[in-house]
Amino acid sequence: MKYDAVVIGAGANGLVTAHYLARAGKRILVVEQRPAADPAADIGWIPEVVIRDLGLSGAGLRIYEPDPWISAPLPGAGALELSRDMARSTEAIRRISPADAAKWPEFCGRMRTLAGVLERLYLASPPDIESNDARELARIAAVGLYVRRLGKQTVIDLARILPMSIAELLDDWFESDVLKGLLGALGVWHLKQGPRSGGTAFNFLHHHAGCREGVFRPARSNVTQALSNVSGVEVRRGERAAVLAKNGRATGVVLEKSGEAILAPLVVSSADPRATLQPIAFELDPEFAHAVDNIKARGVVARGTLALGSTPPYATFCIAPSLEYLERAYDDAKYGRDSAAPYVEVQRTDSRVELHVQYVAPGAHGDLLQRVAGVLNVQPNHVQLQAAEQSLYHGELTLDQILFMRPVPGWSRYRTPIEGLYLCGSGTHPGGGIPGAAGRNAAREIL
Amino acid sequence: MKQYDAIVIGGGHNGLVTAAYLARAKKSVVVLERRPRVGGAAVTEEIFPGFKFTMFSYVVSLLRPEIIRDLDLPRHGLHILPLESTVTPMENGDYLAAWGDHDETRRELYRHSPRDAEAYDEYGRLMHFMAQAVKPILGMVPPDPTSFAPGDLAGLLKLGKHFRSLGGERLHALVKLMTMSSADFLDEWFETDVLKATKSASGIIGTFLGPRSPGTAYVLLHHYMGELDGVFRAWGFAKGGTGAVSDSIAAAARSFGAEIRCNAGVSKVLVRNGHATGVALENGDEITARTVVSSLDPRRTFLQLLESDQLPPEFVQDIKRFKFRGSSGKVNLALDALPSFTCMPGIGRQHRGAFSISPSVDYVERAYDDAKYGEFSRRPYMDIVFPSMIDPGMAPPGKHVMSIFVQYAPYNLNGGWTDAKREAFGDAVVNTVESFAPGFKSLIRHRQVITPLDIERITGLSEGNIFAGELALHQLFFLRPAPGWAKFATPVRGFYQCGSGTHPGGGIMGASGRLAAMRILKDGT
């Protein structure tokens, strides 16, 4: 056999796994269906350890840290602009609400501490609560002890806040609709939930992981490009691969276009767990196959680009003027419609202006383009949109689909019932928005 | 003046349970009830001549069997009559029915979906097991995970062991039940929309959440709890209404020597040197005792009965943050005759059970949408029973009483509740029933409409929340009612809490009252 392992998908997680395996001396082939990397997918925290281990800084990694990190229109005129500098943000908030400004630094500090707990959990395989292994139990105890050392308030915050709705959390702290709207949007980011749904406070903290204190939007980068620049793995693009399995063992992959079979004793898929496993369902036990079918991965976001004559004067522009606006946008999605007034966020990088539109329903999208253009006050022909049927994260980040429940309960350690077949994508722990974390954890399990 | 061992403030079922247990342990106890009768929200009243109503609550299912045993309630008049069935009328004129007879239910489900009929048994088995797994938690004092006290560490360890003993699959099911929405959870099991709607509707009772809101799934378990112990079926009526439950607990308490005083509203708890010494009544009298126990909800217990300078400021903040948001109303009707429903015409055994107005998940979710934005549901979710069909003593011969539990009716209605709004709400309820049972309106002789504001006014329950505080995940267990104070003690020595606002809370369960009594006896009064 020519390869020790085939990795399906050349997104950030697939490439990270591939590079870690290659560093351990394995011959790796990565198969990717897209002809080129998708820069729009490079959102989120890239763990420092991944950057260091794979030498990404030397490979041209750039992390965009716009300042101010967000602008949101104020009723009437002007905008609320929040900066990386705490004092400047506080000052900006003071102009709309002195009470909120007074609480802002403490809020940011508390959220940072909680996100820090998540970061620690995310850089390792999820705790195996069923295990009787002394080492695993010691590891769980160590996490418990670490959290307790952070103090009583943190323990209470974790228990109280994680199951909360982002609306309840924000209502506890703030009064300004604009502030709550732009923060609340992160709580429902890529989720088929509204800000009043329980667990959205967790989604908020998840996306705060890796961010600096006081910044509540995941960073954008060129991580996939940087990973492609690192040598050591072979990548074949423009080919869609499916897993080959026989008698409960992975034997390689088959390329769908050419029908070519590439044999390898190890297959690692960074693709959607459902897309990976459903074609070989006949090899799976029915309970496991049922659990895979039950993964919730409903797409609610349309991504796109905005073509304007000039560069917009902001880095990130958020249209979610209040929690109620977001909740009403979600109401439409509940009944299978696109939001009449969607949450729209414009994000500018060096080369392009991207759009995040939420909520969109599966199927035809009627006049969504006009609605988005209307919300942004631009001509519809400047807007390009593409709605995803499936969640970008291969599984919604709800409390029942995280940690030892991800991708399916009891199979959170990147393994599958098929020997030699592993998962390493954002459908696995710790999930989407953290390029490379799942990939690194998976590689460590494999090795 | 007589010095008591303990004063219990409030004669609701939890207060009575605490009093009964304390009296059983030979303590001198007095229960002080503001209203002319005991029962709190579990009262039966003759609202119209000859027509008796269980005014607020309506069915009994969760009363802890150990309480029934310990207090020998059947001897004191408790008699539970089974509720035989649930019929859900559908918008297309069809229905879904669950009968007392398991095989019949299965056949009925089969008519809607053979696949669901198959899944139903497995679902039932899992839920039975899960209910059993949760039961010990309801009966334990929640350990405080922020404390390093040996008792708390031991409690946490015990809890960890308990969860691990469930085994993988069931532990995962428990996580799902605790975190998912009932609609999503049921989607994993069933395909028939009306089945999912009816089951998920039971997950939203008393909450300010919709069937698609995460956190509603675990209430599905409640339906499987009563049944377990073989004491009675999952849902039932108390003969004489739920007031009879309160009366039987009161009778038990008296038999152990407890004194119960009605028309005795408490205005303040007396505190000296950080220690409770007694209470001041609304009429100015003072009663002293070594221990004072409040069965009122946390807001009234701490923010009304005490002065805020008697409590630590962060604790006061936590209590102020504790959420109530009452969302349910009740319509009580005196009828000349029973209504006939389009889906199952005529009068028959279906009237001995419940009618659930939950024709689809979207229907219930839309009812929630109205409430979310501050309106009562134009077409609400309703749980309808005819108590006079099961206990003929509730209405004059040939006549009937109809109890309609309604959701949603938000406490904070846009513009506030007025008499006109109350009647408009009553009209929405009656008109919705009429659409499933034409001719029903002409049978109504008297109508009583109860909004959450009315519940608050009459029973005192803050914001009319029937559980004395929302049963949301972040208000349960060691967080109920506030972190660090979930073990029935309070920051004021000698002052305890025993109402539904403490762990485990909610439903006519009595568990809070029992656990509080245990704690008080352990501390020694």
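Quick caveat, the model's predicted, so the values are computed rather than measured. (Residues numbered from 1 in each chain as written. Chains lettered and ligands numbered in written order. Predicted model: local features only at pLDDT ≥ 70, side-chain atom pairs only at ≥ 80, totals over all residues.)

### Quick look at the overall build of chain B
Going by this rule: For helices the rule is a DSSP run of H or I covering at least 4 residues; for strands it is a run of E covering at least 2, with both sets numbered from the N terminus onward. We compute the radius of gyration from the C-alpha atoms alone; for a globule the expected value is 2.2 Å times N to the 0.38, where N is the number of residues.
If you tally the helices and strands in chain B, you get 17 helices and 18 strands. In terms of overall dimensions, chain B is globule-like: its C-alpha atoms have a radius of gyration of 22 Å, near the 24 Å expected for 525 residues. Judged by the C-alpha coordinates and their principal axes, chain B covers about 65 × 55 × 50 Å.

### Brief notes about the overall build of chain A
The cut-off we apply is this: Backbone-placed C-beta atoms define the burial measure: a residue is buried with 20 or more other C-beta atoms within 10 Å of its own, exposed with 12 or fewer, and partly exposed in between. Placing a C-beta atom from the backbone of each residue, one calls two residues in contact when those atoms lie within 7 Å.
Within chain A, the secondary structure is distributed over 15 helices and 17 strands. For a compact globule of 447 residues, the expected C-alpha radius of gyration is about 22 Å, and chain A comes in at 22 Å, within 12% of that figure. The 447 residues of chain A split such that 50% are buried. Contacts in chain A between residues far apart in sequence, at least 24 positions, make up 70% of those at least 6 positions apart.

### Topic: the sheet that holds strand 8 (residues 241-246) of chain A
All names here are of chain A. For the record, the criterion: Strands are labelled as partners when DSSP assigns at least two bridges between them. Fitting a line to C-alpha atoms yields each axis, with helices limited to the stretch in contact; the angle taken between N-to-C directions then spans 0 to 180 degrees.
With antiparallel pairing, 3 strands are arranged side by side in an open sheet as 8-9-10. Whereas interior strands pair on both sides, the edge strands pair on one side only; in this sheet they are strand 8 and strand 10 (261-263). Within the sheet, the average angular offset between the axes of one strand and its neighbour, ignoring direction, is 35 degrees. Here 6 bridges tie strand 8 to strand 9 (residues 249-255), and the two strands are oriented antiparallel to one another. Bridging across to strand 9, leucine 244 finds its partner in glycine 252.

### Focus: the sheet that holds strand 17 (residues 421-423) of chain A
Residue and element names in this part refer to chain A. Spatially, 5 strands are ordered 7-2-1-11-17 in an open sheet, and the strand pairing comes out parallel. With partners counted over all chains shown, the strands left at the sheet margins are strand 7 (234-237) and strand 17, one partner each. On average, each strand axis in the sheet is inclined to that of its neighbour by 20 degrees, with strand direction left out of account. Inspection of the sheet shows strand 1 (residues 5-8) paired to strand 2 (residues 28-32) by 4 bridges, in the parallel sense.

### Some points on the nonpolar core
Threshold: Remark: nonpolar core denotes a set of buried Ala, Val, Leu, Ile, Met, Phe, Trp, Tyr and Cys residues whose joining runs through C-beta atoms within 7 Å.
Counting residues in each nonpolar core, the largest one holds 155 residues, and the members touching the most others are B:Ile7 and B:Ala20. For this core, the element with the highest residue contribution is helix 1 (residues 13-24) of chain B, accounting for 7 residues. If we ignore the near neighbours within four places in the chain, the residues touching B:Ala20 are B:Leu71, B:Ile249, B:Ala252, B:Ala253, B:Phe256 and B:Ala258. Counting 123 residues, the second largest nonpolar core, distinct from the first, contains A:Trp69, A:Leu82, A:Trp104 and A:Ala201.

### Quick word on the pairing of strand 14 (residues 343-348) of chain A
Residue and element names in this part refer to chain A. Of all the 6 residues making up strand 14, 6 are buried; the element is thus mostly covered by neighbouring parts of the structure. The alternating pattern of strand 14 places Tyr343, Glu345 and Gln347 and Val344, Val346 and Arg348 on opposite faces, both of which are buried. Note that strand 13 (residues 316-319) and strand 14 share 4 bridges and pair antiparallel. What sits directly across from isoleucine 319, in strand 14, is valine 344. In the sheet, strand 14 pairs with strand 15 (residues 353-358) via 6 bridges, with the strands oriented antiparallel. Within strand 15, the position partnered with tyrosine 343 by the bridge is glutamine 358.

### Describing helix 15 (residues 437-446) of chain A
Residue and element names in this part refer to chain A. Burial of helix 15 is extensive: 7 of the 10 residues sit out of reach of the surface. Within the sequence span of helix 15, burial applies to Ala437, Ala438, Gly439, Arg440, Asn441, Ala442 and Ala443. Close packing links the buried residues of helix 15 with helix 1 (12-23), helix 2 (48-53), helix 4 (98-122), strand 11 (266-269) and strand 17.

### Things to note about the domain arrangement of chain A
This is how it is decided: Source of the domain bounds: an automatic or database domain assignment.
When its domains are assigned, chain A resolves into domain 1 (5-61 + 221-295 + 394-446), domain 2 (85-217) and domain 3 (301-387). Centre-to-centre, using C-alpha coordinates, domain 1 of chain A lies 30 Å away from domain 3 of chain A.

### Brief notes about the interface of chain A and chain B
Condition: Side-chain classes are defined by residue name, with Ala, Val, Leu, Ile, Met, Phe, Trp, Tyr, Cys and Pro counting as nonpolar, Asp, Glu, Lys and Arg as charged, and the others, Gly among them, as polar.
On the side of chain B, 25 residues touch chain A, which itself brings 26 residues to the contact. At the level of secondary structure, the elements contributing two or more residues to the side of chain A that touches chain B comprise helix 6 (152-161) and helix 13 (323-334) of chain A. Of the residues contributing to the side of chain A that touches chain B, the split by class is 10 nonpolar, 6 polar and 10 charged.

### Observations regarding the domain arrangement of chain B
Residues and elements named next belong to chain B. As far as domains go, chain B holds domain 1 (3-81 + 238-323 + 470-523), domain 2 (102-224) and domain 3 (328-459). The centre of domain 1, based on its C-alpha atoms, is set 28 Å off from the matching centre of domain 2. Across the contact, 18 residues belong to domain 1 and 14 residues belong to domain 2.

### Regarding the confidence of the model for chain B
Residue and element names in this part refer to chain B. For the record, the criterion: By definition, pLDDT measures how confident the predictor is in each residue, and it falls between 0 and 100.
Of the residues in chain B, 96% reach a pLDDT of 70 or more, and the chain-wide mean stands at 92. A low-confidence stretch, residues 227-233 stays under pLDDT 50, and its non-local contacts, those more than four residues away or across chains, total 13 contacts. Scored as a complex, the prediction yields pTM 0.94 and ipTM 0.92.

### Side note on helix 1 of chain A
Residue and element names in this part refer to chain A. Where we set the bar: Here the expected length of a helix is defined as 1.5 Å per residue gap, with one fewer gap than residues.
Over its 12 residues, helix 1 runs 16 Å from end to end, which matches the ideal 16 Å to within 8%, given 1.5 Å per residue. Counting buried positions along helix 1 gives 11 out of 12 residues, so the element sits mostly inside the fold. Residues Ala12, Asn13, Gly14, Leu15, Val16, Thr17, Ala18, His19, Tyr20, Leu21 and Ala22 constitute the buried set of helix 1. Buried-residue contacts for helix 1 involve strand 1, strand 2, helix 2, helix 10 (223-229), strand 11 and helix 15. Looking one or two places after helix 1, you find glycine 25, whose phi comes out positive at around 95 degrees.

### Some points on the environment of B:Val271
Its place among the elements puts B:Val271 in strand 10 (residues 266-272). Among all residues touching B:Val271, those that are not within four sequence positions of it are B:Ala276, B:Thr277, B:Leu306, B:Gln310 and B:Val492.

### Notes on the environment of B:Phe48
Residues and elements named next belong to chain B. Take phenylalanine 48: it is sitting in strand 3 (residues 44-48). Along the chain, phenylalanine 48 and glutamine 448 lie 400 residues apart, while their C-alpha atoms are 9.2 Å from each other. Here phenylalanine 48 is in contact with Ala334 and His446, once residues within four sequence places are set aside.

### Side note on the packing of helix 1 of chain B against helix 10 (residues 242-255) of chain B
Residues and elements named next belong to chain B. The line we're drawing: For classification, angles of less than 35 degrees are called roughly parallel, those exceeding 145 degrees roughly antiparallel, those between 65 and 115 degrees roughly perpendicular, and all remaining angles oblique. Note on convention: the crossing is left-handed when the near helix lies turned anticlockwise from the far helix by less than a right angle, right-handed when the turn is clockwise.
Contact pair helix 1 / helix 10: the axes reach a minimum separation of 8 Å and the direction vectors enclose 20 degrees. The pairing of helix 1 with helix 10 is recorded here as roughly parallel in orientation. Crossing of helix 1 over helix 10 shows left-handed handedness. Contacts from His13, Leu16, Val17, Ala19, Ala20 and Ala23 in helix 1 reach Val245, Ser246, Ile249, Ala250, Ala252 and Ala253 in helix 10. A breakdown of the residues in the contact of helix 1 with helix 10 according to their chemical character gives 10 nonpolar, 2 polar and no charged.

### As for the environment of A:Val353
Take A:Val353: it is sitting in strand 15. Each residue touching A:Val353, except ones within four places of it in the same chain, is listed here: A:Thr305, A:Leu306, A:Leu308, A:Pro312, A:Val346 and A:Arg348.

### A closer look at the packing of helix 1 of chain A against helix 15 of chain A
Residues and elements named next belong to chain A. Contact pair helix 1 / helix 15: the axes reach a minimum separation of 7 Å and the direction vectors enclose 35 degrees. For the pair helix 1 and helix 15, the sense of crossing is right-handed. Within the contact between the two elements, helix 1 uses Ala12, Asn13, Gly14, Val16, Thr17, Tyr20 and Leu21 and helix 15 uses Ala438, Gly439, Arg440, Ala442, Ala443 and Ile446. Grouping the amino acids of the contact of helix 1 with helix 15 by side-chain chemistry returns 8 nonpolar, 4 polar and 1 charged.

### Here's the deal with unusual backbone geometry
Residues A:Arg406 and A:Pro407 are joined by a peptide bond in cis, for which omega reads 0 degrees. Examined against the element boundaries, A:Pro407 turns out to sit in the loop between strand 16 (383-387) and strand 17. Along the chain, B:Gln407 connects to B:Tyr408 via a cis peptide bond; the corresponding omega equals 15 degrees. On the secondary structure map, B:Tyr408 appears in the loop between strand 16 (400-407) and helix 15 (419-436). For A:Asn377, which is not glycine, the phi dihedral falls at a positive 60 degrees. With respect to the helices, strands and loops of the structure, A:Asn377 is situated in the loop between helix 14 (368-376) and strand 16. Using a count of 8 C-beta atoms within 10 Å as the deciding quantity, one classes A:Asn377 as exposed.

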